Amino acid sequence: MFVIVDVCSRLPARQALEFIFTLALIGAPLQAKPEGTAGSAGGEELQVSHSARSLQPGEVVLVEVQASQRVDRIVGTIFDREVPFESVASGHWWGLVGLDLEVSPGENILQLKAFQQGRPIGKAEYVLLVEKKDFPTRHLTLAKRFVNPPEESLERIRKESRRITALFGDFAPERRWEGPFDRPTEGAPTSSFGKRSILNGQPRSPHSGTDFQAAKGTPVKAPNFGKVVLAADLYYSGNTIILDHGQGLYSYFAHLQDFKVSQDDLVSKGTVIGRVGATGRVTGPHLHWSVRLRKARVDPLSLIAVLSSSRLSR
Ligand SMILES: [Zn+2]
């Protein structure tokens, strides 16, 4: 395991990239567990390595696989979900794994299978050893109706929750996003990801996004290419936009003042999709950005860091 952010902060950008590439090819010997044979063909070795800010809940992990012979397809599985892998160079493949905000610390095994003309020719198991992370707790005092919503709003809240859950399960199979993700607004991010909230003294689920401090009306830009799959006013998150970046990667923007795009619009990186506001359950204007990666709730800043530091995503 190596830490991209620390490396980059000490080296000029280009040097850091070269260093990371070299490390990536060397691999992560402590955690790689290549298995030599699979199926009748046997013998195909898969060298596996990863890069991430850390292996902790809420982090995005970039996994690289080097195959010694021609491989048509690589399929990964972890947390009972498939991880799509893409080829970037001869024998060189990569994919993204999301460690959910509430994943238990310990060993999690990524199963990898390599295929040639539909035949399995190799497999590997790669252990991602997730370390514990203690997220801070925040105490908030909000209007009563947001902590204990009134009876007449319960049906609306349930309906919206079902709609969002269904959306995250119905993603575009192709990759729409390209290259690194950009910050969606000018404001500074707060270290709010994963914080436990105590609302009016009552514990709530952890904060699954990163909040950006920005004044009302500040433009919100698409951090990457995607399709608008929701642009609607929701009870808790106010004016909300969800972008489907493809392959199970989603951006969720909340509390917007207004929308500059509509459902089903295709957006490019940098397209203004709305403006910062204070709609929904908020204590003041800010932008809330959540990222889902194959249903895992991950820190958007982790996604930015891991892809900005890798030439693989370009
Ligand atoms: Zn938030």
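Note that residues are indexed from 1 along each chain, following the sequence as it is written. The predicted nature of this model means local features are confined to residues of pLDDT at least 70 and side-chain atom pairs, given and counted, to a pLDDT of 80 or more, with totals for whole chains, interfaces and linings taken over all residues. Computation of side-chain values covers all heavy atoms of the structure but excludes hydrogens and water.

## Re empty space enclosed by the protein
- Here a cavity means grid points, on a 1 Å grid over the protein atoms only, where a 1.4 Å probe fits yet cannot get out; a pocket means an open set of points with protein on both sides within 12 Å along at least five of seven lines; lining residues are those with an atom within 4 Å of a point. Grid points are joined across faces, edges and corners, and a volume is the space filled by probe spheres set on the points. With the rule as written, the count across this model stands at three cavities of 30 Å³ or more.
- As for the largest cavity, its lining consists of Pro84, Glu86, Trp94, Gly95, Leu96, Trp177, Gly246, Gln247, Leu249, Leu293 and Arg294.
- Top contributing element to the lining of the largest cavity by residue count: strand S7 (residues 92-98), with three residues.
- Side-chain classes are defined by residue name, with Ala, Val, Leu, Ile, Met, Phe, Trp, Tyr, Cys and Pro counting as nonpolar, Asp, Glu, Lys and Arg as charged, and the others, Gly among them, as polar. Across the lining of the largest cavity, the residue classes tally to six nonpolar, three polar and two charged.
- Note that the domain bounds reflect an automated or database-derived domain assignment. When residues of the lining of the largest cavity are assigned to domains, at least three fall in each of domain 1 (2-130) and domain 2 (137-313). Going along the chain from the N terminus, every DSSP run of H or I of four or more residues is numbered as a helix, and every run of E of two or more is numbered as a strand.

## Focus on the side chain of Thr240
- Within the fold, Thr240 resides in strand S16 (residues 238-246).
- Among the polar contacts listed, one links the side chain of Thr240 to the side chain of Ser237, at a separation of 2.8 Å.
- In protein, a polar contact requires one atom able to donate a hydrogen and another able to accept it; more generally it is a pair of N or O atoms within 3.5 Å, and residues adjacent in sequence count only if both atoms are side-chain atoms. Looking at Thr240, its side chain comes within polar contact range of the main-chain oxygen of Gly238, at 2.7 Å.
- Ignoring anything within four residues of it in the chain, the contact list for Thr240 reads Leu230, Ala231, Ala232, Leu234, Tyr252, Phe253, Ala254 and Phe259. Note on definitions: a residue-residue contact is assigned when non-hydrogen atoms from the two residues lie within 4.5 Å.

## A short note on the nonpolar core
- Formed by 31 residues in total, the largest nonpolar core has its most connected members in Leu96, Phe181, Leu243, Phe253, Ile273, Leu303 and Leu307.
- Those elements that place two or more of their residues in this core are strand S3 (60-67), S7, S16, strand S17 (249-259), strand S19 (272-276), strand S20 (287-293), strand S21 (296-298) and helix H5 (300-308).
- Top element by residues in this core is H5. It accounts for five residues.
- No fewer than three residues from each of domain 1 (2-130) and domain 2 (137-313) sit in this core.
- Each residue touching Phe253, except ones within four places of it in the same chain, is listed here: Pro184, Val220, Pro223, Asn239, Thr240, Ile241, Leu243, Ile273, Leu287, His288 and Trp289.
- The set of buried Ala, Val, Leu, Ile, Met, Phe, Trp, Tyr and Cys residues whose side-chain atoms join them within 4.5 Å is what this entry labels a nonpolar core. Note on classification: 1.4 Å probe, protein chains only; a residue is buried when its accessible area is under 20% of the maximum for its type, exposed when over 50%, partly exposed between these limits. Of all hydrophobic cores here, the second largest spans 25 residues; its members include Val63, Trp93, Ile121 and Ala124.

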